Amino acid sequence: MAAAREKGKALGKSVRYGESKSPFVLGSIVRIFMENFLTYTVCEVHPGPNLNVVLGANGTGKSSVVCAICLGLAGKPSFLGRADKIGLFVKQGCMKGVVEIELFNSPDNIIITREIYVVSNASVWFINRKPATLKTVEEQIAALNIQVDNLCQFLPQDKVGEFTKLSKTELLEATEKSIGSPEMYQFHCELKNFREKERELENLCREKTTSLEKMKQRVERYKQDVERYHECKRHVDLIEMLERKRPWVEYENVREQHEEVKQNRNQVKKELKCLKEMRTPWTKKIQEAEENLDNLDMKTRDNTAEIRNISQKCKEKQDALEMKDKQIEEINQAFRMKKDEETNRQKKIHQTQKIIEEWQNELDTMAVCENLQPQVDAVNTELRKLQEERANIDNDISDLRAEKNNQEREEKRIIDRLGQLNNIMHMKEENLKMRFRDTHTALMWLRNNKDKFKKNTCEPMMLEINVKDSRHARYIENHISANDMRAFVFECQEDMETFLVEVRDHQKLRVNAVCAPAESCAEKLPSRPIEELHRYGFFSYLRELFDAPLPVMSYLCYQYRVHDVPVGTEKTRDMIERVIQETNLRQMYTAEERYIIKVSSYTKQNLSSNTCLREAQYLTSSVDMDERGQLENQRQDISNTLKSLDARLTALFDRQKLLENKDNKLRQEKKELLERGNQRRQLESKIGVKYDSLRQLEQDAIDLEKEFQLANVKIKEINKQKAELVTELMHLMRRIIPLNIVKVALALQMTRVTAERNRLQSEYKAGTVQLRAAQQRFHELDDRKHLLYERCIELMEQARFVCRLGPDQGFPEEFQVAFQTLPDTLEEIDAFLNEEKTRASCFTGLSASIVEEYNKQTQEIEQLTEYLEEKKNELNNYKQNISQVKEKWLNLLKVMIEQINGKFSRFFSSMQCVGEVDLHMENEEEYEKYGIRIRVKFHSSAELHELSPYHHSGGEKTVSTMLYLMALQELNRCPFRVVDEINQGMDPMNERRVFEMVVETACKKRTSQYFFITPKLLQNLTYHEKVTVLLVYNGTFMLETHKWNLKRIKRRHRRLTRMNE
């Protein structure tokens, strides 16, 4: 490190000695030193004064140089877009990093050093090896017009996309800072400040003018109020004197009431004493009556209990008698039923004998039956044939119905499955609409306008891709970018351009579209069969995990090589080192991670990186389109089959109905034949049955005499028991009669004592009510006396307070004289007082300060008039300043924009495209809304469009950005410009043209220093002798920086060449 720094000092001295002829401009970077910074342990870079092409493979450390320039010149980590903490830029495993930048200056170069500490996440600054503060460093850098936070001067790799997102205003300010004269941006800021002050002054003058007019109107009103004030004062004085007399009159009235109440109270007190003396005899008599009642009540309860006990026993005897009566009735009822049963038996015997006699006569008269068996046999034969045919038809109908039911069940299953698939497609479309509304709008337009395209078009990939297993959706989503997931896929470039012109240019929608390769890659074979990778835990390639239309699959195989990226399991993760070494795969997936393997260009070693898989968002619901097509075909076949089955069933039902009619006719014929042959046999059988019934009836005879004797015996026994119960009941009745007589006597005696007690209580209550009324009257009068007394004291104090008299002060004579002229009653005083208050109320809003307020307002009007005049003069001065500064600023600005537009248009013309740069303003007076507008046209059929991140492709934005920066290059007053990997989004033709412009512009005499960072360059490019190419290498066999000596290497090469010769 020390050697490297000494070398830097030596270079600085050499630059100073050739100062007058130095190719470096003031503030250019002469040397960059890095220690333990990002990928570098120790590295020192010596850029050239003109174009510096920093070239190296990805990951070697090109962007580390850009980070060193930014952070070494007091840039913030957030501007780089890599990390938000400065400590994260120190090489992993180290605790401290150093960045040192040497800037060209006269007479001595400036060396700025930044030491970065990981633990504290802080930096220490040095200028020319001496400690300094961050503010000092920023001031030194600003003096050299270095702006690492200006995208027009410093464009790191992660900020290229943000340049096109700059608003017109931000682009104008960045351009002013970058290439404008120092006073241009100052003029712009002054104009914005002046305009803000002008607005404030205009609003202030408007407000003050309004206030002044209101104050003048208010003063005019005050003149009348002052005159009315004096008249009001006379009424107020009279009201004050009336209000002083009123409490004295009120006091006298209350004092008279107090004396009257006091006399009434003493009279009621005497009446109350007499009533209390009369209450004692009544209390003693009522107590004696209560005791007598208690004794009678106790005797009555005992008597009632004994009567209740005997009554219960009587009721039990009565219930037993009723039960005996029921038993006698049941015995009689049973005998009557036996008698009725015997009568019915005799009737049935007579009827049966009569029926047997009638049937016997009919049997005697019936002729001998003819022989009908041949006819019956013929009918039976026909019936068997019909039954066989009907059975066959029934079997056919059952089979057809079973088959129809099976087909209907299958059709229902297919319809349900199709509904599920359609619902999944609807969910996917709703997901697209919610996340990407513009894409969904374009999808609706595409479905309605497919006739405008020559070849087949595919909807966004997230709708077309159907994952076979939803668990595998995250592999596809992590492999395919989100922009491509919502991109439309076309088979030809012309169809894609037609689509984009419509939805982007005309409908202003932000959509993505891609074109499938001309030669299909959908069936491309993987580099090896998946069976060879089974032992590593791989179970499939990405392509086999999903279905997609042919153009979509072809694009994914071509762009993302889904046919050659295997998917593994946890087994793959456990043996990942072995998998990387043995399989030579460049991309692979395990259960939870994605691995990308690159080969170092220097050491040929495998460099792997892994990232955790994000959860799936778009493909969790998938539709199997093959299954859907098969289901639609099956549904059509089932529909045709059901129609055929319905036709066959209709024919069978018709035939079945015909056979059923024929069968009914034959059965009726057979029935008639059988009835003719079986009539005599049936009659003989019926006569035999009736004889059996007659014998059974004769055997079931009942002996009524015997039954009658048994019933009489039972009834006599029950009557004997009833006689005993009646005797017991009579005995109980004789016991209860005297008890009831005693009960009545006790009741009469209690009634008489109760009446006496009630009379005494009524008289006592009447005396109590009279006593309470007297007590209440006494308390009311007593309370009234106290209240009036307190009121007298209160009114006395109030009257003395109103008249402002002291505790021991007598009544003034002046009040006595004044009170004599005023009314003497409260009514007259209140009437007079209300009259005067009414008159005084006509003078509302007046006070003693009205005159003072009038004078104060007059003085404020004079002060406000002077203040307003002063502000108007200040406003006129601001308008003059704005006019002067605006003229200077617009002259400088228009010249600058004309120069930028000339160079920008020339650069675009050289590429057969059109580009313009102009000044944009919405309102001529709104200086904070002035901006620079960039308009470009890349296709002859298109129109000029303002450069935006939504309308133009990534390559178009990159070319436009690069050419705008080149247009600033010759006009630039900043010492250097840095552009990191901006050529990555360009096609080869545009990249070659842009590089030639960069070389031509950056290598002109006295132009500022230019850093062009790129991982690769095209072959056979045009270079200039002022171009400095800095090749960045990295690897385990690299020499340390301080050991690198180009002269020594050349001498050794020449010596080895001579030895070989």
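Under the annotation held in an unreviewed UniProt entry, the protein carries the name Structural maintenance of chromosomes protein 5 and is attributed to Cyanoderma ruficeps.

Participant: Is there a simple way to explain the overall build of the protein in this structure?
Facilitator: A count of helical and extended segments in the protein gives 25 helices and 24 strands. Across the protein, contacts joining residues at least 24 apart in sequence account for 74% of those joining residues at least 6 apart. As displayed, the protein has an accessible area near 62,300 Å², and 49% of this comes from carbon and sulfur atoms.

Participant: What should I look at first to understand helix H17 (residues 576-583) in this one?
Facilitator: Count 3.6 residues to each turn of an α-helix, and residues three or four apart come out pointing the same way. Along H17, the positions that sit buried rather than exposed are Ile-576, Val-579, Ile-580 and Thr-583. Seen end-on, H17 carries its buried residues on one side only, within an arc spanning 100 degrees. Exposed side of H17, more than 90 degrees from the buried face: Glu-577 and Gln-581 are the residues found there. Within two residues after H17, Asn-584 carries a phi angle of roughly 55 degrees, on the positive side.

Participant: How should the environment of Val-552 be read in this particular structure?
Facilitator: Relative to the elements of secondary structure, Val-552 occurs in helix H15 (residues 550-560). For Val-552 and Phe-490, which are 62 residues apart along the polypeptide, the C-alpha to C-alpha distance reads 8.6 Å. Beyond its immediate chain neighbours, meaning those up to four positions away, Val-552 contacts Cys-458, Met-461, Glu-464, Ile-465 and Val-489.

Participant: Explanation requested: the packing of aromatic side chains in the structure shown.
Facilitator: The relative placement of two aromatic rings is captured by the distance of their centres and the angle of their planes. Here the structure, examined in full by the defined rule, presents ten aromatic pairs. Aromatic pair Tyr-475 and Tyr-589: ring centres 5.8 Å apart, planes at 70 degrees, arrangement edge-to-face. With Tyr-475 in helix H12 (residues 473-479) and Tyr-589 in strand E16 (residues 587-589), this residue pair connects regions lying 114 residues apart in the sequence. Like Tyr-475, the residue Tyr-589 is buried in the burial classification. Plain terms: the ring middles of Phe-976 and Phe-1011 are 6.4 Å apart, the flat faces sit at 90 degrees to each other, and that makes the pair edge-to-face. Here Phe-976, found in strand E22 (residues 976-980), pairs with Phe-1011, found in strand E23 (residues 1009-1014); they are 35 residues apart in sequence, far enough to count as distant. We classify Phe-1011 as buried; its relative accessible area is 1%. Taken together, Trp-445, Phe-453, Phe-488, Phe-490 and Phe-499 form an aromatic cluster joined through their ring pairs. The ring of Tyr-475 is capped by Arg-474, whose NZ or CZ atom sits 5.8 Å from the centre of that ring.

Participant: Looking at this structure, how should I read the pattern of salt bridges?
Facilitator: It is possible for side chains of opposite charge to pair when their charged atoms get near one another. One pass over the full model with this rule turns up 25 salt bridges. Residue Arg-31 pairs with Glu-100 through a salt bridge whose shortest N-O separation is 2.8 Å. Separated by 69 residues along the polypeptide, Arg-31 in strand E1 (residues 29-37) and Glu-100 in strand E4 (residues 96-103) bring together distant segments of the chain. You'll find Arg-31 and Glu-100 in the same group, each marked buried. A salt bridge links Asp-564 to Arg-561, with the shortest nitrogen-to-oxygen separation between them at 3.2 Å. Asp-564 sits in the buried class, given a relative accessible area of 14%. According to the relative accessible area criterion, Arg-561 is partly exposed, its value standing at 39%. One connected set of salt bridges, linked through shared partners, spans Arg-31, Glu-44, Glu-100, Glu-102 and Arg-129.

Participant: How do you make sense of the environment of Arg-535 when you look at a structure like this?
Facilitator: Structurally, Arg-535 can be placed in the loop between strand E12 (512-515) and strand E13 (540-541). Separated by 36 residues in the primary sequence, Arg-535 and Lys-571 have C-alpha atoms spaced 9.2 Å apart. Ignoring anything within four residues of it in the chain, the contact list for Arg-535 reads Lys-571, Met-575, Arg-578 and Glu-582. Of the polar contacts made by the side chain of Arg-535, one reaches the side chain of Tyr-536; its length is 2.9 Å.

Participant: Just to check I follow, could you spell out a negative patch on the surface for this structure?
Facilitator: A surface patch of like charges, here negative, comprises Asp-394, Asp-396, Asp-399 and Glu-403. Examined against the element boundaries, Glu-403 turns out to sit in helix H9 (residues 373-435).

Participant: Quick question: what am I supposed to make of the packing of helix H10 (residues 437-448) against helix H14 (residues 493-506) here?
Facilitator: Packed helix pairs are specified by the crossing angle of their axes together with the interaxial distance, meaning the distance between the axes. For the pair H10 and H14, the least separation of the axes is 11 Å and the interaxial angle reads 130 degrees. Between H10 and H14, the angle is such that the two are oblique. Considering how the two elements wind past one another, H10 and H14 form a crossing that is right-handed. Of the residues in H14, those in contact with Ala-442, Trp-445 and Leu-446 of H10 are Phe-499, Glu-502 and Val-503. A class-by-class count of the residues in the contact of H10 with H14 yields five nonpolar, no polar and one charged.

Participant: How should the nonpolar core be read in this particular structure?
Facilitator: Nonpolar side chains in soluble globular proteins tend to be buried together. If you look at the biggest cluster of nonpolar residues, it comprises 49 residues, and the most contacted ones within it are Phe-499, Leu-556 and Leu-619. Listing elements by their share of this core, those giving two or more residues are H10, helix H11 (461-464), H12, strand E11 (487-490), H14, E12 and H15. In terms of residues, this core owes the most to one element, H15, which gives six residues. Setting aside chain neighbours within four positions, we find Leu-619 in contact with Met-462, Ile-465, Val-467, Ala-473, Ile-476, Glu-477 and Met-485. Of all hydrophobic cores here, the second largest spans 44 residues; its members include Met-34, Ile-112, Ile-1013 and Leu-1030.

Participant: How do you make sense of the side chain of Asp-663 when you look at a structure like this?
Facilitator: Within the secondary structure, Asp-663 sits in helix H18 (residues 625-699). Under the relative-accessibility criterion, Asp-663 is labelled buried at 2%. The residues contacting Asp-663, other than those within four sequence positions of it, are Leu-383, Leu-386, Gln-387 and Arg-390.

Participant: Would you mind going over the pairing of strand E2 (residues 40-45) with me for this structure?
Facilitator: Across a regular strand the side chains alternate sides, sitting on one face of the sheet and then on the other. Taken together, the five bridges between E1 and E2 define a ladder with antiparallel strand orientation. Each residue of the ladder has a partner; that of Phe-37, found in E2, is Tyr-40. The antiparallel hairpin formed by E1 and E2 contains two residues in its connecting segment, where Leu-38 sits at a positive phi of about 50 degrees.

Participant: Where do I start with the side chain of Asn-466 in this structure?
Facilitator: With respect to the helices, strands and loops of the structure, Asn-466 is situated in strand E10 (residues 466-467). Residue classification places Asn-466 among the buried positions, given a relative accessible area of 3%.

Participant: What is the right way to look at the packing of helix H8 (residues 280-365) against helix H19 (residues 704-802) in this model?
Facilitator: H19 packs onto H8 with a crossing angle of 160 degrees between their chain directions and a minimal axis gap of 6 Å. Accordingly, the angle class assigned to the pair H8 and H19 is roughly antiparallel. The hand of the H8/H19 crossing is left-handed.

Participant: I'm lost on the sheet that holds E11 in this one. Help?
Facilitator: Adjacent strands of a sheet form backbone hydrogen bonds with each other and so pair up, either parallel or antiparallel. Spatial ordering of the open sheet is given by E9-E11-E12, a layout of three strands whose pairing is mixed. Looking at strand neighbours, the two that pair on one side only are strand E9 (457-458) and E12, the edges of this open sheet. Note: E11 against E12, four bridges, orientation parallel. Residue pairing for E12: Val-489 is matched across the bridge by Val-514.

Cut-offs applied
Residues numbered from 1 in each chain as written. Predicted model: local features only at pLDDT ≥ 70, side-chain atom pairs only at ≥ 80, totals over all residues. Heavy atoms only, no water. Helix = DSSP H or I, 4+ residues; strand = E, 2+ residues; numbered from the N terminus. Contact = heavy atoms within 4.5 Å. Areas by Shrake-Rupley, 256 points an atom, 1.4 Å probe, with all protein chains shown as cover. Buried < 20%, exposed > 50% of the residue type's maximum accessible area, 1.4 Å probe, protein only. Arc of directions from axis to C-beta. Phe/Tyr/Trp six-rings, centres within 6.5 Å; stacked < 30°, edge-to-face > 60°. Lys NZ or Arg CZ within 6 Å of the ring centre and 35° of its normal. Salt bridge = Lys/Arg side-chain N within 4 Å of Asp/Glu carboxyl O. Polar contact = N/O pair within 3.5 Å; in protein donor to acceptor, adjacent residues only side chain to side chain. Patch = residues over 30% accessible without salt bridge, like charges linked within 9 Å, V, L, I, M, F, W, Y side chains within 5 Å. Lys, Arg positive; Asp, Glu negative; His and termini not counted. Charge placed at Lys NZ, Arg CZ, Asp CG, Glu CD. Axes fitted to C-alpha atoms, helices over the stretch in contact; angles between N-to-C directions. Parallel < 35°, antiparallel > 145°, perpendicular 65-115°, else oblique. Left-handed = near helix turned anticlockwise from the far one by under 90°. Nonpolar A, V, L, I, M, F, W, Y, C, P; charged D, E, K, R; others polar. Core = buried A, V, L, I, M, F, W, Y, C linked by side-chain atoms within 4.5 Å. Pairing = 2+ DSSP bridges.

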